[in-house]
Amino acid sequence: MKRAFSVAAAATLLAPALAEARPVTLEARLKDYGGNPAYLAVYVTDAAGQYRGTLWVAGRKARYHRHLSEWYRAAGGAAIDGITGASIGSGRTLRVSVDLADALIDAGYQVRVDTAVEDGVDRPSEVVAPLSGAAAGKPVTGKEHVATFTVSF
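Residues numbered from 1 in each chain as written. Predicted model: local features only at pLDDT ≥ 70, side-chain atom pairs only at ≥ 80, totals over all residues. Heavy atoms only, no water.

**Thoughts on the overall build of the protein**
1) Next: Check the secondary structure of the protein and you find 1 helix and 10 strands.
2) Next: Counting from the amino terminus, helix and strand elements in the protein follow one another as β-β-β-β-α-β-β-β-β-β-β.
3) Next: Relative to its full complement of 153 residues, the protein shows a buried share of 42%.
4) Next: Across the protein, every contact between residues at least 6 apart in sequence was considered, and the portion connecting residues at least 24 apart equals 67%.
5) Next: Working note: accessible area of the protein is about 7,600 Å², and carbon and sulfur atoms make up 48% of it. (Helix = DSSP H or I, 4+ residues; strand = E, 2+ residues; numbered from the N terminus. Buried < 20%, exposed > 50% of the residue type's maximum accessible area, 1.4 Å probe, protein only. Contact = heavy atoms within 4.5 Å. Areas by Shrake-Rupley, 256 points an atom, 1.4 Å probe, with all protein chains shown as cover.)

Here's what the structure looks like:
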């Protein structure tokens, strides 16, 4: 049986105090791989692939965050209090709502998802989804644990 987890985060990424922001929903539907729950790091990079900020981390045990290797290296082990939740089980769905600065939309930014599963494969940049109006609402297929990832606004 599949379940959806809904989480609302009050994160506003790269939004100066007076900048406009819009609500964005991020949804990762995991494959039914049958293993331990997955850790996910959801973060934003610019057009050159440079890390710009973390949106959400699924999996609260910091000792396992190093397995989310691209995110962990880029974020420099930054504090992530307030933007974490439980790891996500096989066949389940993570749904997170964040506020993103309008300046990030249609400007070449991307949302990336790293995944890791105990006794499984760590998959950096498993999903790379453009942060654009043309791609909004269109699912992107993952490489290992993520069946689909959708950015909607």
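**A closer look at the nonpolar core**
1) Next: Counting 39 residues, the largest nonpolar core has Leu26, Leu40 and Phe149 as its most contacted members.
2) Next: Elements that contribute at least two residues to this core include exactly β2 (21–30), β3 (38–45), β4 (51–58), α1 (69–75), β6 (93–101), β7 (110–117), β8 (123–130) and β10 (146–152).
3) Next: The dominant element in this core, judged by the number of residues it contributes, is β3, at 7 residues. (Core = buried A, V, L, I, M, F, W, Y, C linked by side-chain atoms within 4.5 Å.)

**Topic: the pattern of salt bridges**
1) Next: Overall, the coordinates contain 4 salt bridges when judged by the stated rule.
2) Next: Put simply, Asp46 and Arg52 hold a salt bridge, and the shortest N to O gap is 3.8 Å.
3) Next: Judged by its relative accessible area of 40%, Arg52 falls in the partly exposed class. (Salt bridge = Lys/Arg side-chain N within 4 Å of Asp/Glu carboxyl O.)

**Points about the environment of Ala74**
1) Next: With respect to the helices and strands, Ala74 occurs in helix α1.
2) Next: You can call Ala74 partly exposed: its relative accessible area is 38%.
3) Next: Placed 21 residues apart in sequence, Ala74 and Gly53 show a C-alpha to C-alpha distance of 9.1 Å.

**Quick look at the side chain of His145**
1) Next: Following the sequence through the fold, His145 ends up in the loop between β9 (140–141) and β10.
2) Next: The class of His145 is buried, set by a relative accessible area of 4%.
3) Next: With residues near it in sequence (within four places) discarded, His145 still touches Leu30, Lys31, Tyr33, Thr115, Val117, Val121 and Glu126.

**Let's talk about the confidence of the model for the protein**
1) Next: For the protein, the mean per-residue pLDDT works out to 87, and 85% of the residues sit at or above 70.
2) Next: For residues 1–11, every residue scores under 50 in pLDDT, and the model assigns this stretch 23 contacts once sequence neighbours within four places are set aside. (pLDDT = per-residue confidence, 0-100.)

**Examining the sheet that holds β7**
1) Next: Overall, mixed pairing links the 5 strands, which are arranged β5-β4-β3-β7-β8 in an open sheet. Both outer strands of the open sheet, β5 (84–85) and β8, are each paired with one neighbouring strand and no more.
2) Next: Bridge analysis of β3 against β4 gives 6 bridges, and the strand direction is antiparallel. Each bridged residue has a counterpart across the sheet, and for Ala41 the counterpart in β4 is Val57. (Pairing = 2+ DSSP bridges.)

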